[in-house]
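# Secondary and tertiary structure notes
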Amino acid sequence: MPRQGLALAALVATLGAAMPLSAEPVAKPIVIAHRGASGERPEHTLASYERAIALGADFVEPDLVMTRDGVLVARHENEISGTTDVAARPEFAHRKTTKSIDGEAVTGWFTEDFTLAELKTLRARERLPKLRPQNTVYDGQFEIPTLQEIIDLVRANETAAGRRIGLYPETKHPGYFQGIGLAMERPLVAMLEKNGYSHAGDPVFIQSFEAENLKELRGLTKLRLIQLMGAEPHFAAMTTPEGLKSVATYADGVGPAKALIVPVSKLGKREAPTRFVADAHAAGLKVHAWTFRVENYFLPADMRKGLNPRGRGDMAAEIRLFVELGVDGVFSDNPGEALAALE
Ligand code: G3P
Ligand code: CA
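Now for a description of the structure that goes with this document. (Residues numbered from 1 in each chain as written. Chains lettered and ligands numbered in written order. Predicted model: local features only at pLDDT ≥ 70, side-chain atom pairs only at ≥ 80, totals over all residues. Heavy atoms only, no water.)

Before going further, it helps to examine the overall build of the protein. Secondary structure summary: the protein contains twelve helices and 13 strands in total. In terms of C-alpha radius of gyration, the protein reaches 20 Å, essentially the compact-globule figure of 20 Å for 343 residues. On the principal axes, the C-alpha backbone points of the protein span a range of 60 × 45 × 45 Å. Out of the 343 residues in the protein, the part that is buried amounts to 56%. For the protein, long-range pairs separated by at least 24 residues make up 67% of all intrachain contacts whose partners lie at least 6 apart in sequence. Of the accessible surface of the protein, which amounts to about 14300 Å², a share of 55% is contributed by carbon and sulfur atoms. The centroid of the 40 positive side-chain charges in the protein is displaced by 3 Å from the centroid of its 44 negative side-chain charges. (Helix = DSSP H or I, 4+ residues; strand = E, 2+ residues; numbered from the N terminus. Rg over C-alpha atoms; globule rule 2.2 N^0.38 Å. Buried < 20%, exposed > 50% of the residue type's maximum accessible area, 1.4 Å probe, protein only. Contact = heavy atoms within 4.5 Å. Areas by Shrake-Rupley, 256 points an atom, 1.4 Å probe, with all protein chains shown as cover. Lys, Arg positive; Asp, Glu negative; His and termini not counted. Charge placed at Lys NZ, Arg CZ, Asp CG, Glu CD.)

Written out as structure tokens, the structure reads:
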């Protein structure tokens, strides 16, 4: 294991002279609570969002899917056996099925086969019990929240905290949901409008991996839009300077996987940063990178502490490196630590 706790200056020095630091000064990077404070509570529960707000997160991030009766609820996937107790519920055993979701065969239970009332009988579970066993004490306690309930939570806490708390909703599988007659775009915009969010200056970013979804949203709302992109080959065209200029015709920013900015080898070795941030800024796009997590499992080798995958490494050093490289925001499962890293 390489030595730990390198100061930022030393980290930068080790990257070499070729590192393309952003020319644009960073104002104040925002901290987006990824699935709430999902490092501390089961993800996408009101408890997770509430914890994130208490820790001071600038934005809370609900991933959104649709119910059979057309209600937007917070889940990372429409298949819910990984984050709820549905598999242990005999009354829903017959709903288990296999579907093709975005070209992938997925077996389990799907939100679009449940009414909101049925989903409300389920209880959330920790997604990563081996990495986050401390969170399993909350298994069975919390419901699947609707978007409206999340907005209500944010609004109530804004009043109590005396500050705006942003919403950063992500449409999950929007093309798939369109295909089954449960399009998300208009219900999402309508719900946000109903709650007072309709202008570019409102504290909302809508994000999606699917460009067609964002282009449709561009025609429906002035709220800011973020094009997500991963490090997989099918996103490559989007990450070039030309691709980013094209994204800027319909989006206000990009949400890249960390590896698009600082590639990491399969053995965990950090490689030289790319030009992604500079190219995105040149296209006029904000850059909000994902996902920053404290566990060694998610960190490059030289930022881990010890050998235990669930041990807490130096996420703060990773965040500081990305801020030095010019990102405008970070998605983190650990918003409290992320905010501390930025101070
Ligand atoms: O939305 C940013 C990031 O959350 C995208 O990845 O899979 O965690 O939704 P995912
Ligand atoms: Ca997300």
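On we go from here.
Close contact between helix H4 (residues 147-161) and helix H6 (residues 185-194) brings their axes to 11 Å; oriented N to C, the two are set at 30°. The orientation of H4 with respect to H6, classified from their angle, is roughly parallel. Relative to H6, the crossing made by H4 is right-handed. Contacts between H4 and H6 involve Leu-147, Gln-148 and Ile-151 on the former and, on the latter, Leu-188, Met-191, Leu-192 and Lys-194. The residue inventory of the contact of H4 with H6, partitioned by class, reads five nonpolar, one polar and one charged. (Axes fitted to C-alpha atoms, helices over the stretch in contact; angles between N-to-C directions. Parallel < 35°, antiparallel > 145°, perpendicular 65-115°, else oblique. Left-handed = near helix turned anticlockwise from the far one by under 90°. Nonpolar A, V, L, I, M, F, W, Y, C, P; charged D, E, K, R; others polar.)

Extensive coverage of helix H11 (residues 315-324) is indicated by the burial of seven of its ten residues. What H11 keeps buried is the set Met-315, Ala-317, Glu-318, Ile-319, Leu-321, Phe-322 and Val-323. Note on H11: the residue one or two positions beyond its end, Gly-326, has a positive phi of about 110°.

Moving on, we come to the coordination of the calcium ion (ligand 2). Protein coordination of the calcium ion (ligand 2) is provided by Glu-61 (OE), Asp-63 (OD) and Glu-170 (OE), with donor distances spanning 2.1 to 2.4 Å. Coordination at the calcium ion (ligand 2) is irregular, judged from the six donor atoms that bind it and the angles of 55 to 164° they form at the metal. (Donors = N, O, S within 2.8 Å, 3.2 Å for Na, K, Ca; no water. Tetrahedral: all angles 85-135°; square planar, octahedral: opposite > 155°, others 65-115°.)

What surrounds ligand 1 is the set His-34, Arg-35, Glu-61, Asp-63, His-76, Glu-170, Lys-172, Gln-207, Phe-209, Leu-228, Trp-290 and Phe-331. At a separation of 2.9 Å, an oxygen atom of ligand 1 approaches a polar side-chain atom of Glu-61. Within the side chain of Lys-172, a nitrogen or oxygen atom sits 2.7 Å from an oxygen atom of ligand 1. Protein chains bury 92% of the 280 Å² of accessible surface belonging to ligand 1 in isolation. (Near = heavy atom within 4 Å. Polar contact = N/O pair within 3.5 Å; in protein donor to acceptor, adjacent residues only side chain to side chain.)

Further remarks concern the side chain of Gln-207. The topology assignment puts Gln-207 in strand S9 (residues 205-208). Separated by 3.0 Å, the side chain of Gln-207 and the backbone oxygen of Tyr-168 make a polar contact. With sequence-adjacent residues up to four places away left out, Gln-207 is seen in contact with Glu-61, Tyr-168, Pro-169, Glu-170, Thr-171, Leu-214, Ile-226, Leu-228 and Phe-331.

Moving on, we get to the environment of Trp-290. Locating Trp-290 in the fold gives a position in strand S12 (residues 286-292). For Trp-290, a relative accessible area of 22% corresponds to the partly exposed category. Distance from Trp-290 to Gly-230, taken between C-alpha atoms, is 9.4 Å for residues 60 residues apart in sequence. Not counting residues up to four positions away in its chain, the partners in contact with Trp-290 are Phe-209, Leu-228, Met-229, Gly-230, Gly-255, Pro-256, Ala-257, Lys-258 and Phe-331.

What follows covers the pattern of salt bridges. Note that side chains of opposite charge can pair when their charged atoms are close. Enumeration over the complete set of coordinates arrives at 26 salt bridges. In this structure, Arg-155 engages Glu-158 in a salt bridge whose closest nitrogen and oxygen atoms are separated by 3.2 Å. Pair noted here: Arg-155 and Glu-158 are both in helix H4, with a separation of three residues, about one helical turn. Between Asp-333 and Arg-293 there is a salt bridge, and its shortest N-O distance comes to 2.7 Å. (Salt bridge = Lys/Arg side-chain N within 4 Å of Asp/Glu carboxyl O.)

The sheet contact formed by strand S5 (residues 97-101) and strand S6 (residues 104-108) spans five bridges and is antiparallel. Each residue of the ladder has a partner; that of Thr-98, found in S6, is Thr-107. Adjacent in sequence and paired antiparallel, S5 and S6 are bridged by two residues, among which Asp-102 carries a positive phi angle near 50°. (Pairing = 2+ DSSP bridges.)

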